[in-house]
2 protein chains.
Amino acid sequence: MTPSKVYYFDNNATTRVAPEVLQAMLPFFTEQWGNPSSAYSFGSGIAQYVAYARRKLAALINADPREVIFTSCGTESDNAAIYSALQTQPGKRHVLTTTVEHSAILNYCRSLEKQGVETTYLPVDAQGLLDLEQLERAIRPDTAVVSIMFANNETGVIFPIAEMGAICRKHGVLFHTDAVQAAGKVPLDVRALGVNFLSLSAHKLNAPKGIGILFIDKQTKFQPFVVGGHQERNRRGGTENVPYVVGFGRAAELAMSRIDEEQTHVRELRDLLETTLLQTIPDSRVNGVQSPRLPNTVSISFDFVEAEALLMLLDQVGICASTGSACTTGSLDPSHVLAAMGLTPAQARSSLRLSLSVDNTEEEVLFLAEHLRQSVQRLRSFSPLAKTTPGKVAIAAH
Amino acid sequence: MTPSKVYYFDNNATTRVAPEVLQAMLPFFTEQWGNPSSAYSFGSGIAQYVAYARRKLAALINADPREVIFTSCGTESDNAAIYSALQTQPGKRHVLTTTVEHSAILNYCRSLEKQGVETTYLPVDAQGLLDLEQLERAIRPDTAVVSIMFANNETGVIFPIAEMGAICRKHGVLFHTDAVQAAGKVPLDVRALGVNFLSLSAHKLNAPKGIGILFIDKQTKFQPFVVGGHQERNRRGGTENVPYVVGFGRAAELAMSRIDEEQTHVRELRDLLETTLLQTIPDSRVNGVQSPRLPNTVSISFDFVEAEALLMLLDQVGICASTGSACTTGSLDPSHVLAAMGLTPAQARSSLRLSLSVDNTEEEVLFLAEHLRQSVQRLRSFSPLAKTTPGKVAIAAH
């Protein structure tokens, strides 16, 4: 049973559709529901709304609207970028990525390995960062694409994508970034980043689940992944999802208007949460704390506690949080991201991801912090491993 | 400018979202918007609605719910079936299909040819039908999959899928049918059809654009096409599009409840339309008239008339119709389907597709027929080719 009030601290998993976004979408279900590819005005007249939304998405990432195609989700965008890089360069059969990517990259790469594609997964250090010299050395003459996420979905750690882009350009290698978790939280500029491909997903941005975009640099050859009709200038088949396209466009406008709030209000709340947890819960550690991070994300470990048990206690009072990516829920393996950062399986299993939004309040943050303190204390009281004396408070890395 | 009243005769292009479908979806945008993969009840509680919708879709085609995965559209479903058949049978590199498929099959096959996949496109006769013996002879030891549509989107001609399924089974070849245009118009039973894969799209069924399903027979191996998280039992990555899944489920219920109406009311209207047009417009011919056809579709040719010009005249009074698939609008080539049936380019360019729904009325049909009669007469009066004497009325094939 869900308590009536929901304290939502899992905005990296998904976000609420904004009322403005829903309002923008509504006419396109039962009133203006024609097929934008149709010749008559009831259909073709709808194409202008698709074009408007495309301009708003392009503006969000400083792209030309013609460089933006709508896809069905971030996962499809990620798959499509890698697929196209391989297809347009038939002699190149190597993909270079990292150990901490989303499953949309990692599992796709594994499926490509079965088809003879070679892959390299770059490791990260204890702070979740990559060694740029190691990246450069790993680029091979047959590397078709380098794919590195903008910000980690579990820890919020931000990679220096512009510097990585420069390295890729220097070696003439295509570069893709999965910016799904970054969009709306930090400014994105495809020109400054120097990327060939960039993926976004609407449902991290207060628009619905089931639509994404792929930015394709206008100089970059593209081979479609979903192949059918002439939609999206022959780059993505399938009748346009007009309501979601319109909603995503509206969400892009909202995201641009509140990017400062993410950097101030959300960051302040996140810092308050982190400080309070570290001060009140002994043997707690923030993962990736020394790295540049998204303003809304906390990954925190509580020694001697099973985070799954913690989630259940939090759920009882209506608090939504997670142990990592929702896309890997149900897996018995501890987080691959935290493992890559050197956490032991026990440490990884004691870790919680808390991700905030502009809708969170200070009151909610303090409610969460207090319930976490009580819940950790309660679970530790059952644990034979937990020290009976309070341990030291640490914000250092593992 | 669109006239206030829309006479919609293009239901094979897309359909209006039913008010019941919109109502079913609404709570999942701004109220129950959690991620169904999340551990807490606000998220995981939503999985039951996804499961309910999956059962309704399964019931529509007499499948087990575990045999149904949600995709982003019919095009993705079509691509995924072919892709999986090739991936799970690495030694088999031949795809057998027809010349009259939707671009989701034809253009995907063409993209596979660049990767070394061999393809055979079976021809159709003047009535749009395939020679079953020719189909059987075209199956090769290295045929990975046979993909044949259930009903043609332009002419409504229905293929004998169950007989074709028996041929494929006899030869141990996987069989896929694109049933996007058939769903809701004629009963579908995957067991009786003997198919391994079947594609459906929601937006032909009064649900939104941007969601489809792929039926995957439980005995059939499957390799995912969109690869990411564990969603859809590891068969389709990407966060579930919960509102559209729920809406599609509701649309499946509606479709089942009115399938008889398609066979009576819609068929009667279609027959009324066809008879009226043939009786009042000389030199007109219904394409595929001798074949089994969907109850809602008319493909009709008016000699000496450019159908594109006809569409513009119809649009002026609010009538929506098309020259063929919306997915090929903008192409300068005449319909590949009508060309495959032996129509000359001029005949193909004189052809209109009219596709009805349960929402159409007799009054609308007579309005359409009368405006078509006037418009054809008007256009012919400008044509040097048109005979000044009325020609014979023909319902026979070309």
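Throughout what follows, the structure given in this document is the object of discussion. All values reported here derive from a predicted model rather than from experimental measurement. (Residues numbered from 1 in each chain as written. Chains lettered and ligands numbered in written order. Predicted model: local features only at pLDDT ≥ 70, side-chain atom pairs only at ≥ 80, totals over all residues. Heavy atoms only, no water.)

1. Some words on the interface of chain B and chain A
Many descriptions give the size of an interface as the accessible area lost when the pieces come together. The partner chain A presents 68 residues to the 67 residues of chain B that form the contact. Between chain B and chain A the total buried area reaches about 5500 Å² when both faces are included, carbon and sulfur atoms providing 59% of it. Summed over the three residues of chain B that lose the most area to chain A, namely W33(B), Y40(B) and K209(B), the buried surface amounts to 13% of that side. For the pair chain B and chain A, the interface holds zero salt bridges. At the junction of chain B and chain A, the tally comes to 28 residue pairs in polar contact (both at pLDDT 80 or more). Per-class residue counts for the side of chain B that touches chain A are 29 nonpolar, 30 polar and eight charged. (Contact = heavy atoms within 4.5 Å. Buried area = accessible area lost by both parts, 1.4 Å probe. Salt bridge = Lys/Arg side-chain N within 4 Å of Asp/Glu carboxyl O. Polar contact = N/O pair within 3.5 Å; in protein donor to acceptor, adjacent residues only side chain to side chain. Nonpolar A, V, L, I, M, F, W, Y, C, P; charged D, E, K, R; others polar.)

2. Description of the pattern of salt bridges
Tallied over the entire structure, the rule returns 38 salt bridges over all chains. One salt bridge connects K170(A) with E136(A), and the closest N-O pair in it is separated by 2.5 Å. Highlighted residues: K170(A) in helix α8 (residues 161-170) and E136(A) in helix α7 (residues 132-138), separated in sequence by 34 residues. For K170(A), a relative accessible area of 62% corresponds to the exposed category. Residue classification places E136(A) among the partly exposed positions, given a relative accessible area of 23%. Across the pair R191(B) and E67(B) runs a salt bridge, and its minimum N-O distance is 2.3 Å. With a gap of 124 residues between them, R191(B) in helix α9 (residues 190-193) and E67(B) in the loop between α4 (47-60) and β2 (68-71) connect regions that are remote in the sequence. One network of salt bridges, with partners in common, ties together E67(A), R191(A), D217(A) and K218(A). (Helix = DSSP H or I, 4+ residues; strand = E, 2+ residues; numbered from the N terminus. Buried < 20%, exposed > 50% of the residue type's maximum accessible area, 1.4 Å probe, protein only.)

3. Let's talk about the relation of the copies chain B and chain A
Overlay of chain B on chain A (RMSD 0.0 Å): rotation 180°, translation along the axis 0.0 Å. Within this description, the copies of the chain are treated as partners about a two-fold rotation axis. Of every C-alpha in chain B, the one belonging to S72(B) sits nearest the axis of rotation, 2.9 Å from it. Of the interface residues in chain B, 100% have counterparts in chain A that sit at the interface too, so the contact is made through matching surfaces. (Least-squares fit on C-alpha atoms with pLDDT ≥ 70 in both.)

No statement about biological role is implied by the geometric values presented.
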